[in-house]
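Geometric and topological summary
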Amino acid sequence: MFSIFEYGAPVWYPLLSPANLESLVRLQRKALRVILGVTQSTRINDFLLEASLLPVEARLWAITALQAEKYRCRPSLDPRLHW
């Protein structure tokens with residue numbers, strides 16, 4: 001299930017600056033540390049594995065790629081393709 005945050009990712013993720021992406025990465029790490037109750041010294045990959053999550057950049061890339069593929073596979077006569 002996608003969060004509201006990820007719902008619009010195919011629109012805004014390709015335009016995201018590296019600084020803003022880093023802010024999202026830090027936010028994900030901070031939230032997971034609180035949720036899982038791990039210390040600052042716990043390695044990132046360890047608690048991502050514990051939570052069964054991908055890093056935020058990989059999640060956003062996958063969501064964007066999936067949506068692009070869905071759009072690409074639509075029939076050429078689909079009215080949603082012609083504005």
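I will try to describe carefully the structure that is included in this document. Please read all numbers here as calculations on a predicted model, not as lab measurements. (Residues numbered from 1 in each chain as written. Predicted model: local features only at pLDDT ≥ 70, side-chain atom pairs only at ≥ 80, totals over all residues. Heavy atoms only, no water.)

This part covers the overall build of the protein. Within the protein one finds five helices and zero strands. Going residue by residue from the N terminus, the α and β elements of the protein occur as α-α-α-α-α. Relative to its length of 83 residues, the protein is extended, with a C-alpha radius of gyration of 16 Å against a globular reference of 12 Å. Overall, the protein is about 55 × 25 × 20 Å in size when its C-alpha atoms are taken along their principal axes. Per-residue burial over the protein gives 19% buried out of 83 residues. Per element, the accessible surface of the protein, about 6700 Å² overall, is 65% carbon and sulfur. A distance of 3 Å separates the average location of the 10 positive side-chain charges in the protein from that of its 7 negative side-chain charges. (Helix = DSSP H or I, 4+ residues; strand = E, 2+ residues; numbered from the N terminus. Rg over C-alpha atoms; globule rule 2.2 N^0.38 Å. Buried < 20%, exposed > 50% of the residue type's maximum accessible area, 1.4 Å probe, protein only. Areas by Shrake-Rupley, 256 points an atom, 1.4 Å probe, with all protein chains shown as cover. Lys, Arg positive; Asp, Glu negative; His and termini not counted. Charge placed at Lys NZ, Arg CZ, Asp CG, Glu CD.)

Most often, soluble globular proteins keep nonpolar side chains buried together rather than apart. The biggest cluster of nonpolar side chains holds eight residues, and these are Ala-9, Tyr-13, Leu-21, Leu-24, Val-25, Val-56, Leu-60 and Ile-63. Broken down by secondary-structure element, the contributors of at least two residues to this core are α3 (18–36) and α5 (56–72). Setting aside its immediate chain neighbours within four residues, Ala-9 contacts Pro-14, Leu-60, Ile-63 and Thr-64. (Core = buried A, V, L, I, M, F, W, Y, C linked by side-chain atoms within 4.5 Å. Contact = heavy atoms within 4.5 Å.)

Along its 19 residues, α3 runs 27 Å from first to last C-alpha, staying within 8% of the 27 Å computed at 1.5 Å per residue. Of the residues making up α3, those classed as buried are Leu-21, Leu-24, Val-25, Gln-28, Leu-32 and Arg-33. Taken together, the buried residues of α3 touch α1 (4–7), α2 (9–12), α4 (44–50) and α5. The positive-phi residue at the C-terminal boundary of α3 is Gly-37, with phi of around 70 degrees. (Expected span 1.5 Å × (residues − 1).)

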